[in-house]
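As a plain string of letters, each chain reads:
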Amino acid sequence: MKDRVTQYDRDSVAGLDWPDTEYGRYAREYLTPLLERGAQPFIDNVSTTVKVLTIDGLPVPITVNEADYDNSYVCSPYTHYVSYAREELALLNNRLLEGLLSLMLSGMGWMLRQARFNRVVQVNNWLLSTNLYPALNAEQLTAILDYLRQTYPGYTLMYRSLSRETSGEHIVKLQGYGCKLVPSRQIYLLHPNTSGSKARWLVKRDRNLLAKHGYTEVGPEEITREDIPRIVELYRLLYIDKYSTYNPQFTEAYIALALERRTLQIYGLRKEGRLDAVLGFYEREGAMTAPLFGYDTSLPQSLGLYRMLSAVLIGLAGSRELLLHESSGVGQFKRNRGAAGATEYSAVYDRGTSLLNRCGWSILELLLRRIGMPLIQRLKL
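Peer 1: Before we move on, can you summarise the packing of aromatic side chains with the specific residues and values?
Peer 2: Scanning all chains against the criterion turns up 21 aromatic pairs. Both rings, one in tyrosine 23 and one in tryptophan 126, keep their centres 6.2 Å apart while their planes meet at 75 degrees; by these two values the pair is edge-to-face. Here tryptophan 126 lies in the loop between β4 (120–123) and α4 (138–151) and tyrosine 23 lies in helix α1 (residues 22–37), a separation of 103 residues in the sequence. Relative accessible area serves as the criterion here: at 14%, tyrosine 23 is assigned to the buried category. Residue classification places tryptophan 126 among the buried positions, given a relative accessible area of 2%. Look at tyrosine 306 and phenylalanine 333: their rings are 5.0 Å apart centre to centre, the planes differ by 65 degrees, and that puts the pair in the edge-to-face class.

Peer 1: Any chance you could break down the pattern of salt bridges for me, citing the residues and the numbers?
Peer 2: Under the defined criterion, the tally for this structure stands at 21 salt bridges. Note that arginine 119 and glutamate 66 form a salt bridge whose closest N and O atoms lie 3.1 Å from each other. Taken together, the residues arginine 119 in the loop between α3 (95–114) and β4 and glutamate 66 in the loop between β3 (58–65) and α2 (77–87) connect sequence positions 53 residues apart. Residue glutamate 66 is classed as partly exposed on the basis of its relative accessible area, which comes to 36%. The partner of arginine 185 in a salt bridge is glutamate 344, and the shortest N-O contact between them spans 2.6 Å. With arginine 185 in strand β6 (residues 180–190) and glutamate 344 in strand β12 (residues 340–349), this pair connects stretches of sequence that are 159 residues apart. The pair formed by arginine 185 and glutamate 344 is uniform in burial state, with each residue classed as buried. The structure contains a network of salt bridges with shared partners spanning Arg230, Glu233, Arg274, Asp276 and Asp296.

Peer 1: Tell me what's going on with the environment of arginine 86, and back it up with residues and numbers.
Peer 2: Among the secondary structure elements, arginine 86 is positioned in helix α2. Between the C-alpha atoms of arginine 86 and leucine 238, which are 152 residues apart in sequence, the distance is 19 Å. Beyond its immediate chain neighbours, meaning those up to four positions away, arginine 86 contacts Ser102, Leu105 and Ser106.

Peer 1: With reference to specific residues and values, describe the pairing of β12.
Peer 2: Within β12, 8 of the 10 residues are buried, leaving the element largely enclosed by the surrounding structure. Inspection of the sheet shows β6 paired to β12 by 9 bridges, in the antiparallel sense. Note that in β12 the partner of isoleucine 187 across the bridge is alanine 342.

Peer 1: Could you give an account of the layout of surface pockets, with specific residues and numbers?
Peer 2: One number sums up the size of the second largest pocket: a volume of about 450 Å³. Looking at the second largest pocket, it is lined by 20 residues, and the ones nearest its centre are Glu22, Tyr23, Tyr26, Glu283 and Arg284. Elements with a contribution of two residues or more to the lining of the second largest pocket: α1 and β9 (274–284). Among the elements that take part in the lining of the second largest pocket, α1 stands out by supplying 5 residues, more than any other. Residues of the lining of the second largest pocket, tallied by class, amount to 9 nonpolar, 3 polar and 8 charged.

Peer 1: How would you explain the sheet that holds β6 if you had to name every residue and give the values?
Peer 2: Across the sheet, 12 strands lie side by side as β1-β2-β3-β4-β5-β12-β6-β11-β10-β9-β8-β7; this open sheet has mixed pairing. For this open sheet the edge positions go to β1 (5–8) and β7 (216–218), each flanked by a neighbour on one side alone. Strand-to-strand, the axes of this sheet are offset by a mean angle of 30 degrees, without reference to chain direction. For strand β5 (residues 156–163) and β12, the ladder comprises 5 bridges, and the chain directions are antiparallel. The residue of β12 that forms the bridge with methionine 158 is valine 348. Across the face of the sheet, α1 comes into contact with β1, β2 (49–55), β3 and β9 while running at roughly 25 degrees to β3. Strand contacts of helix α7 (residues 228–243): β8 (265–271), β9 and β10 (287–295), with the helix running at about 90 degrees to β10, the strand carrying the most contacts.

Peer 1: Run through unusual backbone geometry, naming residues and quoting values.
Peer 2: With the exception of glycine, most residues fall at negative phi, and the peptide bonds are largely trans. Even without being glycine, aspartate 68 reaches a positive phi, approximately 50 degrees. As for its placement among the helices and strands, aspartate 68 is situated in the loop between β3 and α2. Residue aspartate 68 is classed as partly exposed on the basis of its relative accessible area, which comes to 32%. Unlike most non-glycine residues, serine 327 shows phi in positive territory, near 60 degrees. Relative to the helices and strands, serine 327 resides in the loop between β11 (323–325) and α10 (331–336). We classify serine 327 as buried; its relative accessible area is 12%.

Peer 1: So, helix α9 (residues 305–320): which residues are in play, and what are the values?
Peer 2: Between the first and last C-alpha of α9 there are 23 Å, a value that for 16 residues agrees with the 22 Å anticipated at 1.5 Å per step. Among the residues of α9, Leu305, Tyr306, Met308, Leu309, Ser310, Ala311, Val312, Leu313, Ile314, Leu316 and Ala317 are the ones counted as buried. Positive backbone phi, at 55 degrees, marks glutamate 321, one or two positions downstream of α9.

Peer 1: How would you explain the side chain of arginine 185 if you had to name every residue and give the values?
Peer 2: For arginine 185, a relative accessible area of 10% corresponds to the buried category. A distance of 2.7 Å separates polar atoms of two side chains, one belonging to arginine 185 and the other to serine 327. A polar contact of 2.6 Å, which involves the side chain of arginine 185, links it to the side chain of glutamate 344. Excluding anything up to four places from it in sequence, arginine 185 contacts Ser129, Thr130, His325, Ser327, Ser328, Ala342, Thr343, Glu344 and Met373.

Peer 1: Lay out the pairing of β10 with the relevant residues and their values.
Peer 2: The side chains of a regular strand alternate between both faces of the sheet. Of all 9 residues that make up β10, 9 are buried, and the element is covered over most of its length. Taken together, the 7 bridges between β9 and β10 define a ladder with antiparallel strand orientation. Across the sheet, the residue bridging to glutamate 283 is methionine 288, located in β10. Linking β9 to β10, which pair antiparallel, is a turn of 2 residues; within it glutamate 285 sits at a positive phi near 50 degrees. The sheet contact formed by β10 and β11 spans 3 bridges and is parallel.

The rules we used
- Numbers given for residues are sequential positions, taken from 1 along each chain in its written order.
- With pLDDT at 70 or above as the cut-off, local features in this predicted model cover only qualifying residues; side-chain atom pairs require 80 or more to be listed or tallied, and sums for whole chains, interfaces and linings still use all residues.
- The side-chain quantities take in all heavy atoms of the structure and omit both hydrogens and water.
- Stacked, tilted and edge-to-face pairs are distinguished by plane angle, under 30 degrees for stacked and over 60 for edge-to-face with tilted covering the rest, among Phe, Tyr and Trp rings (Trp via its six-membered ring) whose centres lie within 6.5 Å.
- The secondary structure listing takes helices from DSSP runs of H or I that are at least 4 residues long and strands from runs of E that are at least 2 residues long, numbered from the N terminus.
- The cut-offs for exposure are 20% and 50% of the maximum accessible area for each residue type, with area from a 1.4 Å probe on protein chains only; residues under the lower value are buried, those over the upper are exposed, and the others partly exposed.
- Salt bridges are identified by distance alone: a Lys or Arg side-chain nitrogen within 4 Å of an Asp or Glu carboxyl oxygen.
- Throughout, a residue-residue contact means that at least one pair of heavy atoms, one from each residue, lies within 4.5 Å.
- For two strands to pair, DSSP has to find at least two bridges joining them.
- For cavity detection a 1 Å grid was placed over the protein atoms alone, and a set of points counts as a cavity when a 1.4 Å probe fits there but cannot get out; an open set counts as a pocket when protein lies on both sides within 12 Å along at least five of seven lines, with lining residues being those that have an atom within 4 Å of a point.
- Grid points are joined across faces, edges and corners, and a volume is the space filled by probe spheres set on the points.
- Asp, Glu, Lys and Arg are counted as charged, while Ala, Val, Leu, Ile, Met, Phe, Trp, Tyr, Cys and Pro are counted as nonpolar; the rest, among them Gly, fall into the polar class.
- Here an axis means a line fitted to C-alpha atoms, over the contact stretch when the element is a helix, while the angle between two N-to-C directions is reported on a 0 to 180 degree scale.
- Each residue after the first adds 1.5 Å to the expected span of a helix.
- Here a polar contact means two N or O atoms within 3.5 Å. Within protein one must be a hydrogen donor candidate and the other an acceptor candidate, and residues neighboring in sequence count only if both atoms are side-chain atoms.

Pasting the structure below:
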């Protein structure tokens with residue numbers, strides 16, 4: 001095992017032999033600054049220790065946490081399953097149900113804190129809403145768990161961003177190993193060039209709004225360092241101010257890194273020199289996702305900036321013939337444009353942790369399967 005899996009941190013990363021492949025170069029450009037400087041200079045509300053494992057020479061990031069209950073959900077399961085969930089109760093539009101579920105979440109939250117719920121190591125954690133996986137086979141995933149069980153005894157071990165549609169073989173192997181499969185959210189997947197005529201018509205109509213309102217699509221070569229503050233602002237207006245402060249709060253340093261090292265492909269909508277909408281995506285193993293997405297929410301909704309930006313994203317995925325992982329939210333809008341809903345899970349290995357922690361994960365898994373996910377699917381969130 002020691003020959004197959006090696007761990008690197010800030011002090012030893014200089015000895016990591018990054019593979020000379022597209023993925024290896026991407027991992028080096030993205031992860032080296034996080035190892036050397038820590039995560040917080042790049043994502044303001046993330047406190048974690050970033051390390052890198054290599055399995056058979058392939059680098060995979062891990063994050064190690066002890067508590068940090070106010071962290072962004074990208075490295076805090078407590079935030080994801082309790083704090084963020086409590087904020088989203090308002091989407092139910094049912095005061096009685098909101099009240100009952102809020103009480104339940106408060107009780108769960110107290111118990112999970114006592115159980116040291118956030119004492120967790122997350123594998124393949126790029127600190128993004130969606131962690132696309134490199135070319136890891138199912139056996140390598142369990143080999144990593146073998147290593148982490150020895151290296152981090154008493155920690156919960158997690159793989160996020162798994163779905164049966166994208167990671168079916170991995171899920172089967174991880175469940176066989178002893179992992180709980182805990183639902184995390186409803187996601188939307190758009191397969192390349194499979195949309196029906198109505199969906200294609202809607203996307204075309206959305207795309208036509210660019211010309212109607214005088215916007216020009218600009219790509220990575222036309223986005224400059226002078227745009228960085230505006231990009232941070234546009235993302236914040238949508239994902240932080242409108243949705244939740246628990247979403248990752250990207251800093252100007254993160255965007256500068258993305259522009260300089262192409263860790264995100266950044267596109268925008270510009271009008272009269274002003275950037276009013278922006279997206280940033282990355283691709284891996286036949287799929288792509290856009291963790292950076294935002295627009296000027298102070299402009300009239302009738303302008304259709306979200307529709308325009310979504311049409312640009314769908315067009316980029318189609319031209320590359322990639323599966324578009326559209327993350328969660330705005331379900332009906334995404335369905336109308338050809339995406340299919342799917343349940344995303346976290347594979348959780350909690351054996352070796354306290355009885356209270358194991359009970360917490362088991363109760364959480366049961367509640368999400370019986371109540372949480374059925375509600376989300378019924379409401380098409």
